[in-house]
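Breakdown of the fold
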Protein chains: 2
Amino acid sequence: MKSSPGATWSVGELASRFDLATHVLRHWEDVGLLKPDRDSAGRRRYGRDELVRVAVILRNKAAGMSLEQIAILLDAGAPDRHRVLEAHLADLDRRMQEMQLSRQMTEHALRCRAHDVANCPNFRTGIEDLLEGRSWPGDWH
Amino acid sequence: MKSSPGATWSVGELASRFDLATHVLRHWEDVGLLKPDRDSAGRRRYGRDELVRVAVILRNKAAGMSLEQIAILLDAGAPDRHRVLEAHLADLDRRMQEMQLSRQMTEHALRCRAHDVANCPNFRTGIEDLLEGRSWPGDWH
DNA sequence: GCTTGACTTCATGTCGACATGAAGTCACAT
DNA sequence: ATGTGACTTCATGTCGACATGAAGTCAAGC
């Protein structure tokens, strides 16, 4: 009952399914994100599980996570998993909030009559609040 | 009426105000984000405008924008400025949505009894929807 | 039997945004 | 006059996530 009927895919098949290059899948394997079975000839055989993992990787990469972070997500054996996951949530929230601020800024730049961002009074006021109360965001990268 | 009383700062002063290294400010100048005045001795003098620009840069960097993108934001002279700004908004929205999906995924991983993400049935179902309807996100980077 | 696809290791390149350091000049303040 | 901070150019390194290619092996399908 562990693995269902169990269709499997080769690197090439899986790669084209997700529109990736094969060496990307091998790279992810190199860094420990995937551990596909091998057939009698030593070729990679990816099952449903690996397919799901690839989907998870893509989703979280798209959300700006590093492979290292994703590794923790996927590693069920991590001791402080719970803590790490919550930290990740907090991280996501923080980043979304910063993007929200950037969004407001850009939206204002669109509506504002003053074409030069640096010369719009409303805009400056908003920013200068930030300059007094020094609440500067950490590096997002 | 253009520039108010006009306090100015040196590189060092501005850098420490924003907790940056001086070479970062010079780097941003190299790539065209800043154009500070010079004093009689050729030293950079940053005014209120530049200070605002630095704040804008930091905000948007924190939101994941590249310096190149920020340059467009700050360049009032760009012809297709309006289009670019709206594209940026759309980009932000798309990314926030992807982060939202990642968030849901992570939250589920926290609550779910199945510790291994790849083996949680609910989770898999959600993902496999994505596998059928091929709606894959572009590179975020 | 030959192509196709997969395998291996190893090395090197790319991109963005700096980081770091050398090497030398210049101006202002104590 | 000495130290401090600023200036310049030029070169090289760092990090993450691959990209690209070489060089050689191996196995299955037509």
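These figures come from a predicted structure and were not determined experimentally.

1. Comments concerning the pattern of salt bridges
All told, the structure shown has 18 salt bridges over all chains when counted by the stated rule. Across the pair Glu98 of chain B and Arg94 of chain B runs a salt bridge, and its minimum N-O distance is 3.6 Å. With Glu98 of chain B and Arg94 of chain B both in helix 5 (residues 81-111) and 4 residues apart, the pair spans about one turn of that helix. Residue classification places Glu98 of chain B among the buried positions, given a relative accessible area of 7%. Given the relative accessible area of 30%, Arg94 of chain B is considered partly exposed. Here the salt bridges do not stand alone but share partners, grouping Asp91, Arg94, Arg95 and Glu98 of chain A into one network.

2. Looking at the environment of Tyr46 of chain B
Residue and element names in this part refer to chain B. By the secondary structure assignment, Tyr46 is in the loop between strand 2 (44-45) and helix 3 (48-62). Relative accessible area serves as the criterion here: at 0%, Tyr46 is assigned to the buried category. Separated by 11 residues in the primary sequence, Tyr46 and Lys35 have C-alpha atoms spaced 8.6 Å apart.

Parameters at a glance
- One numbering rule holds for all chains: residues counted from 1, following each sequence as written.
- Each chain gets a letter, beginning with A, and each ligand a number, beginning with 1, in the order they are written.
- Local features in a predicted model are, by the rule used here, given only for residues with pLDDT of at least 70; side-chain atom pairs are given and counted only at 80 or more, and totals for whole chains, interfaces and linings are based on all residues.
- With hydrogens and water set aside, each side-chain value is computed from the structure's full complement of heavy atoms.
- Salt-bridge detection follows one rule: a side-chain nitrogen of Lys or Arg within 4 Å of a carboxyl oxygen of Asp or Glu.
- Think of it this way: any DSSP run of H or I at least four residues long counts as a helix, any run of E at least two long counts as a strand, and we number them from the N terminus.
- Each residue's exposure class comes from its accessible area (1.4 Å probe, protein chains only) as a fraction of the maximum for that residue type: buried when under 20%, exposed when over 50%, partly exposed otherwise.

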